[in-house]
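Okay, here's what each chain looks like letter by letter:
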Amino acid sequence: QVHVVESGGGLVQPGGSLKLSCVVSGRIFSVYRMDWYRQALGKQRELVAHISSGGSTNYADSVKDRFTISRDNAKRTVYLQMTSLKPEDTAVYYCNVWGTRYWGQGTQVTVSS
């Protein structure tokens, strides 16, 4: 059994920051690549960032230089530090164990004045 839980979302003004967390239980976390996705209302789910088991990272062009993905294998947690937030970042953010059907319930991020 794999359990994925996202947290850290909320309401923030443009230019503000939030840090999302994703805790994974049930399997050995450190051997998996972890992905952050987001889905705005009425839009397709899109890949935001991912991090390999060894710490290599990749970002969508829309968030490059603003978001940072990281992981703490001891805590079985992956993070998404978001800075300089824009209204277009508003979405539900999901954590996925790459290559699996294991997703969390998502955490809402709303960027609005």
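Look above for the structure.
Here's a quick rundown of the structure. All of these numbers come straight from a predicted model, not from anything done at the bench.

What counts and what doesn't
- Residues numbered from 1 in each chain as written.
- Predicted model: local features only at pLDDT ≥ 70, side-chain atom pairs only at ≥ 80, totals over all residues.
- Heavy atoms only, no water.
- Pairing = 2+ DSSP bridges.
- Helix = DSSP H or I, 4+ residues; strand = E, 2+ residues; numbered from the N terminus.
- Axes fitted to C-alpha atoms, helices over the stretch in contact; angles between N-to-C directions.
- Buried < 20%, exposed > 50% of the residue type's maximum accessible area, 1.4 Å probe, protein only.
- Contact = heavy atoms within 4.5 Å.
- Phe/Tyr/Trp six-rings, centres within 6.5 Å; stacked < 30°, edge-to-face > 60°.
- Lys NZ or Arg CZ within 6 Å of the ring centre and 35° of its normal.

**So, the sheet that holds strand 6 (residues 57–59)**
Link 1 in the chain: Across the sheet, which stays open at both edges, the six strands sit in the order 2-10-9-4-5-6 with mixed pairing between neighbours. Two strands in the sheet have a free side with no partner beyond their single neighbour: strand 2 (10–12) and strand 6. The average undirected angle you get between the axes of adjacent strands in this sheet is 25°.
Link 2 in the chain: Relative to strand 9 (residues 91–97), strand 4 (residues 34–39) is paired through six bridges, and the arrangement is antiparallel. Its bridge partner lying in strand 9, Tyr 37 is registered against Tyr 94.

**A look at the pairing of strand 4**
Link 1 in the chain: Extensive coverage of strand 4 is indicated by the burial of five of its six residues.
Link 2 in the chain: Pairing analysis gives five bridges linking strand 4 to strand 5 (residues 46–51), with the strands arranged antiparallel. The partner of Tyr 37 across the bridge, within strand 5, is Leu 47.
Link 3 in the chain: From the end of strand 4 to the start of strand 5, which pair antiparallel, there are six residues, and Gly 42 there has a positive phi angle of about 75°.

**Examining the environment of His 3**
Link 1 in the chain: Among the secondary structure elements, His 3 is positioned in strand 1 (residues 3–7).
Link 2 in the chain: Note on His 3: relative accessible area 49%, which makes it partly exposed.
Link 3 in the chain: In sequence terms His 3 and Ala 74 are 71 residues apart; their C-alpha atoms lie 16 Å from each other.
Link 4 in the chain: For His 3, the residues in contact, after removing those within four places along its chain, are Val 23, Val 24 and Ser 25.

**Describing the packing of aromatic side chains**
Link 1 in the chain: Evaluated as defined, the whole model comprises two aromatic pairs.
Link 2 in the chain: Centroid distance Tyr 94 to Trp 103: 6.5 Å. Interplanar angle 80°. Geometry classified as edge-to-face.
Link 3 in the chain: Through a chain of ring-to-ring contacts, three or more aromatic side chains come together here, namely Tyr 37, Tyr 94 and Trp 103.
Link 4 in the chain: In this structure, Arg 45 packs its charged tip against the face of Tyr 94, placed 4.0 Å from the ring centre.

**Here's the deal with the sheet that holds strand 3 (residues 18–25)**
Link 1 in the chain: Pairing in this open sheet of four strands is antiparallel, and the strands run 1-3-8-7 from one edge to the other. Both edges of this open sheet fall to strand 1 and strand 7 (67–72), since each of them pairs with a single strand only. Mean inter-strand twist for the sheet, computed between neighbouring axes without regard to direction, equals 15°.
Link 2 in the chain: Judged from the six bridges that link them, strand 7 and strand 8 (residues 77–82) form a sheet pairing that is antiparallel. Within the sheet, the bridge partner assigned to Ser 70 lies in strand 8 and is Tyr 79.

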